[in-house]
Amino acid sequence: SAKISKKFSQNILPLLACVLFLSWPQLASGPQMEGIPALSTPLGKCGTQEFLDIESDVCRPCTENQMRSPDGLRCVCVAGTDQMPPPIDCRACSALPSRTLWEFLFLDASFLACNNTCNETACQLLTNMVTLEAFSLQNRAYDLYTKTKSPDLPKLWYGSMETSFPRVSFRKNSQIRLKVTKYGARGDFLGWEDVSRGMLQLCPDSQNVLEAAFVFGTSYKQSCSLEVSYLLQRDPEPTFYELFLQYEDDKGNVRWWPVPIENPAIRTSSSASPNSWALRRFFLVDGLSGRKQNLTDPPETVTLAAELLLSVYLPTGSPGNEPPFLLTVKYVQQDNPGIVQASFLVTYIQDPGTAQRDTDVSHCPVKTPERKPG
């Protein structure tokens, strides 16, 4: 009977997940998210049936049977306009196996719901699952992602931007203003939020020390030792981020520019070469993928962004072949319980063709003591 029970659970749980996604409600874009007024995000620049093309800073209308996406940066289909229900089985969708319990339960269901119905949340979940595969693209999640035909599927890579990098000017000691769009593990949009209060820094410290990382011209390094249990208290489930620089153009208009993300492990380990290695999405702590028997059990391993490096290419006012800002995220996998080293760095890279007087860079090394929960 034990064998029969195990076989039953393996067959029925993914089907139940598929049924769940078929009835999953679409998330509407509200006027205010996470306490950030809509006027300070792309949501406030365009009408309710328009999205903001951030490359051109132009509001573009959504077509019939479309609506503005929750983040305000594209159009997605309106629920109820899909043509056919999805199949309920996906065993032949990919020859690659599910790698984790989380994937076994929700990966195929999210693929079917995204590919065959109007379900933007399922498409977000599928993209999140690819992002969790932090060390390789040779997996079922990325295979299903590449087979998805839905126009609602978020882009995984930035690719070649149609416009040149923005000309961004900073005064010494001015604040680098960064924003993120946030997504929950299940694909729900959590809103726009300012990068502040140590949002992207795993090492805890005083407000002044954390904010010093984003003072223009400050070369910054913060490092610490952290217990995995503390990280799981900080992030019980992974949150996914897309990073944007907020700046003013020559006419004083507030604009947003997407900061590309580089994952060196993906770049070096994959034989498949996408058009660009600039990723859109990243996470800090993943405790879901390490849960083996039950999603309520503590994870046996945790994947975390052990090093975040924000590179600023100078001068930002005359960008060349490099983007003015680049975030490099290096992931590691750590047993639970355990202790891991984490760091957050900001470095300035001077164009050798410019005079050193153009930018003065100060240094701010920070080392935080070992963090234990208590």
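Quick look at the structure, then. What you are looking at is a predicted structure, and each value in this text was computed from that prediction instead of being measured. (Residues numbered from 1 in each chain as written. Predicted model: local features only at pLDDT ≥ 70, side-chain atom pairs only at ≥ 80, totals over all residues. Heavy atoms only, no water.)

This next bit is on the state of the cysteines. Taken as a whole and assessed by the stated rule, the structure comprises six disulfides. The disulfide that involves Cys62 links it to Cys75, with 1.9 Å between the sulfurs. In this structure the cystine formed by Cys62 and Cys75 twists about its S-S bond by roughly -85°; its chirality is therefore left-handed. Residue Cys62 is found in the loop between β4 (58–61) and β5 (66–68), and its partner Cys75 is found in strand β6 (residues 75–77); the two are separated by 13 residues along the sequence. (Disulfide = S-S within 2.5 Å. Helix = DSSP H or I, 4+ residues; strand = E, 2+ residues; numbered from the N terminus.)

Helix length check: helix α2 (residues 101–116), at 16 residues, gives a terminal C-alpha distance of 23 Å against a target of 22 Å (1.5 Å per residue), a fit within 8%. Of all the bends found along α2, the most pronounced is centred on Leu107 and spans about 30°. (Expected span 1.5 Å × (residues − 1). Bend = angle between axes of the 7 residues up to and from the residue.)

Our focus in this paragraph is the packing of helix α3 (residues 120–132) against helix α4 (residues 140–147). At their nearest, the axes of α3 and α4 sit 8 Å apart, and the two run at 140° to each other. Compared by their axis directions, α3 and α4 come out oblique. Considering how the two elements wind past one another, α3 and α4 form a crossing that is left-handed. Residues Leu126, Thr127, Met129 and Val130 of α3 form the contact with α4, whose participating residues are Ala141, Tyr142 and Tyr145. Partitioned by chemical class, the residues of the contact of α3 with α4 number six nonpolar, one polar and no charged. (Axes fitted to C-alpha atoms, helices over the stretch in contact; angles between N-to-C directions. Parallel < 35°, antiparallel > 145°, perpendicular 65-115°, else oblique. Left-handed = near helix turned anticlockwise from the far one by under 90°. Contact = heavy atoms within 4.5 Å. Nonpolar A, V, L, I, M, F, W, Y, C, P; charged D, E, K, R; others polar.)

A few words on unusual backbone geometry. In terms of backbone geometry, most residues other than glycine have negative phi values and most peptide bonds are trans. The omega torsion across Asn336 and Pro337 is 5°, close enough to zero to call that bond cis. If you trace the backbone, Pro337 turns up in the loop between β16 (325–335) and β17 (339–350). The backbone of Asn65 shows a phi angle near 65°, a positive value even though the residue is not glycine. Looking at the element boundaries, Asn65 is found in the loop between β4 and β5. Given a relative accessible area of 44%, Asn65 falls into the partly exposed group. Positioned with a positive phi, Arg197 is a non-glycine residue whose angle comes to about 55°. Along the chain, Arg197 falls in the loop between β8 (189–194) and α5 (207–211). (Buried < 20%, exposed > 50% of the residue type's maximum accessible area, 1.4 Å probe, protein only.)

This next bit is on the nonpolar core. When a protein is soluble and globular, its nonpolar side chains tend to lie buried together. Core analysis: the largest hydrophobic core is formed by 90 residues, its most contacted members being Leu200, Leu243 and Phe282. Residue contributions to this core peak at nine residues, all from α2. (Core = buried A, V, L, I, M, F, W, Y, C linked by side-chain atoms within 4.5 Å.)

Along the polypeptide, Leu288 turns up in the loop between β14 (285–286) and β15 (301–314). For the pair Leu288 and Thr100, spaced 188 residues apart in the sequence, the C-alpha separation amounts to 8.7 Å. Not counting the four nearest positions on each side in its chain, Leu288 is found in contact with Trp102, Ala185, Glu237 and Pro238.

The next point concerns the packing of aromatic side chains. Enumeration over the complete set of coordinates arrives at twelve aromatic pairs. Centre to centre, the rings of Phe170 and Phe216 are 4.6 Å apart; their planes meet at 15°, and the pair counts as stacked. Of the two residues, Phe170 is situated in the loop between α4 and β7 (178–183) and Phe216 in the loop between α5 and β9 (218–227); the sequence distance between them amounts to 46 residues. Phe216 matches Phe170 in its accessibility class, with the two residues each being buried. It is Arg281 that lies over the ring of Tyr183; its NZ or CZ is 4.1 Å from the centre. (Phe/Tyr/Trp six-rings, centres within 6.5 Å; stacked < 30°, edge-to-face > 60°. Lys NZ or Arg CZ within 6 Å of the ring centre and 35° of its normal.)

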